[in-house]
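What follows is each chain in one-letter form.
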Amino acid sequence: MSVSGLVSVALFLLAATGVSGFTVTTSQANVQVKENDGTDLTCSYSADFGSNARVEWKFRDLKGSQMYVIFDGKTTTPYADRVTMYNGHNLRFSKVTRKDNGAYDCEVSGNGQFGEAKVKLTVLVPPSPPVCRVPTSVTTGSTVILSCHDGDGSPPPTYNWYKDGTLLPSEPNKIQAFKNYTYKLNPATGELAFAPVRKMDSGKYYCESVNPAGPPKSCQAITMEVRDVNTGGIVAGVIVALLLVALLGLGIWYANKKGYLPKKTESKPKTNVVYQPPSLYGGEDEDGDFKQKSSFVV
């Protein structure tokens, strides 16, 4: 059988068995490790890439920024003190920090081909007491938003809200005891919104930060009081304002009548003086003597 025939048979067998050349794989696509512990990220590739295959590792953080961890066979400066590559293609962290959260790409090129495998690294950081913002006094009918955030927990925590010690379900309309509640709760962002807020929403509120890395943490409870709009106070305020305006007007009128205010002085019209130059030829008086004459017209 010719060489071309052998190649054809090989390609047929690869297609029939579902095995293709130039493959890059990892033994663990999702890695979870506690902060400050060490871990390995593995990568392997088929022999098709050749014995001099080029292997590089690239990191993409949770915000989408990218940088190399291994480039041209060397560890880049930000990782030089805690990352090494062993067996020519695997990564080893001596310790990880929460900044290492993200996706790692093992990129292999050789014999004119390219392949890659992705590894997701999750650094486990227990929740911290979240920062809670709860207004202490609001008026009925207004829109009120309570917020909760934990910037330390990893993976990113989810949030629970409690009112007077009772857990608020994320979908109150599905639970009989909460069907009269109109709030909207977003466990991912930690926002608890009342639109509008009602008297029945008064109470003590606190938030809880939750993730699988450690026990939940909560903030101190804060009392939110919902008050009715003070219509009487508004009316009284308007009346007081009108009285003040009336008194001010009366005072100005009285002061003007008594002459306490300076009167406007009448300005006299300015006199326009036009100079008429003397006649070019002058003039003669009755005695026949020449005299220069000039006149001003007012």
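Now for a description of the structure that goes with this document.

Parameters and conventions
- Residues numbered from 1 in each chain as written.
- Predicted model: local features only at pLDDT ≥ 70, side-chain atom pairs only at ≥ 80, totals over all residues.
- Heavy atoms only, no water.
- Helix = DSSP H or I, 4+ residues; strand = E, 2+ residues; numbered from the N terminus.
- Buried < 20%, exposed > 50% of the residue type's maximum accessible area, 1.4 Å probe, protein only.
- Contact = heavy atoms within 4.5 Å.
- Polar contact = N/O pair within 3.5 Å; in protein donor to acceptor, adjacent residues only side chain to side chain.
- Pairing = 2+ DSSP bridges.
- Axes fitted to C-alpha atoms, helices over the stretch in contact; angles between N-to-C directions.
- Salt bridge = Lys/Arg side-chain N within 4 Å of Asp/Glu carboxyl O.

Topic: the environment of Ser46
1) Next: The residue Ser46 is located in the loop between β4 (44–45) and β5 (54–61) in this model.
2) Next: Take Ser46: its relative accessible area is 14%, and that puts it in the buried class.
3) Next: Between the C-alpha atoms of Ser46 and Thr23, which are 23 residues apart in sequence, the distance is 5.4 Å.
4) Next: Those residues in contact with Ser46 that lie beyond four places of it in its chain are Gly21, Phe22 and Thr23.
5) Next: A polar contact is formed between the side chain of Ser46 and the side chain of Asp48, at a distance of 2.9 Å.

Considering the sheet that holds strand β18 (residues 191–194)
1) Next: An order of β12-β14-β18-β17 is seen for the four strands of this open sheet, with the pairing classed as antiparallel. The open sheet is flanked by β12 (131–133) and β17 (184–186), the only strands paired with a single partner. Sheet twist, expressed as the average angle between the axes of neighbouring strands with direction ignored, equals 10°.

Some words on the pattern of salt bridges
1) Next: As enumerated under the stated definition, the model contains 11 salt bridges in all.
2) Next: Across the pair Glu35 and Arg98 runs a salt bridge whose closest N-O atoms are separated by 2.9 Å. Remark: Arg98 occurs in the loop between β9 (90–93) and β10 (102–110) and Glu35 occurs in the loop between β2 (30–34) and β3 (39–41); sequence separation between them is 63 residues.
3) Next: With a relative accessible area of 22%, Glu35 lands in the partly exposed category.
4) Next: Given the relative accessible area of 35%, Arg98 is considered partly exposed.
5) Next: A salt bridge links Glu171 to Lys174; its shortest N-O distance comes to 3.3 Å.
6) Next: According to the relative accessible area criterion, Glu171 is partly exposed, its value standing at 41%.
7) Next: According to the relative accessible area criterion, Lys174 is exposed, its value standing at 60%.

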